[in-house]
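Fold and contact review
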Amino acid sequence: MARKRPGRVRTKNTNRRAPLLLSTMAPEDFNVRPGENMSIACPDCRTWRRIMGEKVLKVREHCISDKVADGEKHTSCPGSDQVVVVDIDVRRWQARQDRLLREAMPQDNRRAAQQFYKPIPTPAPPVARIKAEDTLRSTRDAYFAHRDGCKKCVRSQHCQDGAALARRYVSAIQAEPARRAARKQLDRQEQRAARKQSTPAAREAQWAKHGPDAEQANNRCTARAPGAVSEYRGPDLPTLPPNPIAHDRRQTDLGRQYAARRSTAA
């Protein structure tokens, strides 16, 4: 395989102009990406040309006419052999160019610089390894449910999960008497506290805490005997609607609606 010969300047001549500084040009008018051939848009003819050389960089000699194939003569561009000086930070220029390319790209074709992947949720642990409150009923249901669906658990033989469920079931059976005793003791304590709160002294202390107004309001909330007259009845209590005509019209409309519903249902 033939070795690629690096490009080099074959002449020491220049166009005798001041060196062209890349910092004075627009960032989109030159390309100095590492690993690519450096090129520049000629300031005179505005065509892209290669930058040749290793130590001294110069614009490659080129013609200003683009119709040489039609018979016209070669006309050298004044920008040929122009000395170029790279006085910019190549990394910052490349980062800016990449940002401009992403912004100019259509929204549907854009892609984030860093890909974020949604983590796969961890599988739920088996019932035998779930740490929860062990009761006699829950451990019994879990154990027999596993026995009914497991092919390895036969008679006294258990699989790994079945053995763990069996041990948990046996521990719940052994701890059940102590749990029942603790529950009875807790119930007795609650009943004792309820009796203390229902004593006359405790009730008087509660009423004293709320004040005499609350006690008087509670005394007024007594059961009413059948047929008794309400104390809210009096001459100031209205017995007729404010607008009898509107009230009658409203009642008539409600009656028609009710009759229409009955006929529709029938």
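This report concerns the structure included in the present document. (Residues numbered from 1 in each chain as written. Predicted model: local features only at pLDDT ≥ 70, side-chain atom pairs only at ≥ 80, totals over all residues. Heavy atoms only, no water.)

**Describing helix 3 (residues 160–197)**
The first and last C-alpha atoms of helix 3 sit 53 Å apart over 38 residues, in line with the 56 Å expected at 1.5 Å per residue. Of all the bends in helix 3, the largest measures some 45° and sits at A175, one to four residues before the proline P177. Within the span of helix 3, buried status applies to G162, L165, A166, R168, Y169, A172 and E176. Residues of helix 3 that are buried make contact with helix 2 (136–149). (Helix = DSSP H or I, 4+ residues; strand = E, 2+ residues; numbered from the N terminus. Expected span 1.5 Å × (residues − 1). Bend = angle between axes of the 7 residues up to and from the residue. Buried < 20%, exposed > 50% of the residue type's maximum accessible area, 1.4 Å probe, protein only. Contact = heavy atoms within 4.5 Å.)

**A closer look at the packing of aromatic side chains**
For the coordinates displayed, the defined rule picks out 4 aromatic pairs. For the ring pair Y143 and Y169, a centre distance of 5.9 Å and an interplane angle of 25° mean the geometry is stacked. Of this pair, Y143 sits in helix 2 while Y169 sits in helix 3; the two residues are 26 residues apart in sequence, bridging distant segments of the chain. Under the relative-accessibility criterion, Y143 is labelled buried at 11%. With relative accessibility at 16%, the residue Y169 sits in the buried group. An angle of 70° between the planes, with centres 6.2 Å apart, marks the rings of F144 and Y169 as edge-to-face. (Phe/Tyr/Trp six-rings, centres within 6.5 Å; stacked < 30°, edge-to-face > 60°.)

**Focus on unusual backbone geometry**
The phi torsion at R46 lies on the positive side, around 55°, for a residue other than glycine. Tracing the sequence through the fold places R46 in the loop between strand 3 (39–41) and strand 4 (48–52). Phi at D81 is positive, roughly 55°, even though this residue is not glycine. When you line up the elements, D81 lands in the loop between strand 5 (57–59) and strand 6 (83–85). The exposure class assigned to D81 is buried, which follows from its relative accessible area of 14%.

**With respect to the pattern of salt bridges**
Under the criterion given, the structure shown has 5 salt bridges. Residue R17 is joined to D44 by a salt bridge in which the shortest nitrogen-to-oxygen separation is 2.9 Å. Taken as a pair, R17 in the segment before strand 1 (20–21) and D44 in the loop between strand 3 and strand 4 lie far apart in primary sequence, 27 residues in all. Assessed through its relative accessible area of 39%, R17 is described here as partly exposed. Take D44: its relative accessible area is 35%, and that puts it in the partly exposed class. D98 is the partner of R33 in a salt bridge, and the nearest nitrogen-oxygen pair spans 3.2 Å. (Salt bridge = Lys/Arg side-chain N within 4 Å of Asp/Glu carboxyl O.)

**Focus: the sheet that holds strand 2 (residues 30–31)**
What the 6 strands build is an open sheet, ordered 1-6-5-4-3-2; its pairing is mixed. Looking along the sheet, the strands with just one partner apiece sit at the ends: strand 1 and strand 2. Note: strand 5 against strand 6, 2 bridges, orientation antiparallel. Bridge pairing in strand 6 links K58 to V83. (Pairing = 2+ DSSP bridges.)

**Notes on the side chain of H62**
Note that H62 resides in the loop between strand 5 and strand 6. Using a relative accessible area of 5% as the deciding quantity, one classes H62 as buried. Among all residues touching H62, those that are not within four sequence positions of it are C42, C45, T47, R49, T75, S76, C77, G79 and S80.

**As for the packing of helix 2 against helix 3**
Where helix 2 contacts helix 3, the two axes come as close as 9 Å, and the packing angle between them is 155°. Classified by the interaxial angle, the pair formed by helix 2 and helix 3 is roughly antiparallel. The way helix 2 lies across helix 3 gives a crossing that is left-handed. Of the residues in helix 3, those touching helix 2 at L136, T139, R140, A142, Y143, F144 and H146 are D161, G162, L165, A166, R168, Y169, A172, I173 and E176. Split into classes, the residues belonging to the contact of helix 2 with helix 3 amount to 9 nonpolar, 3 polar and 4 charged. (Axes fitted to C-alpha atoms, helices over the stretch in contact; angles between N-to-C directions. Parallel < 35°, antiparallel > 145°, perpendicular 65-115°, else oblique. Left-handed = near helix turned anticlockwise from the far one by under 90°. Nonpolar A, V, L, I, M, F, W, Y, C, P; charged D, E, K, R; others polar.)

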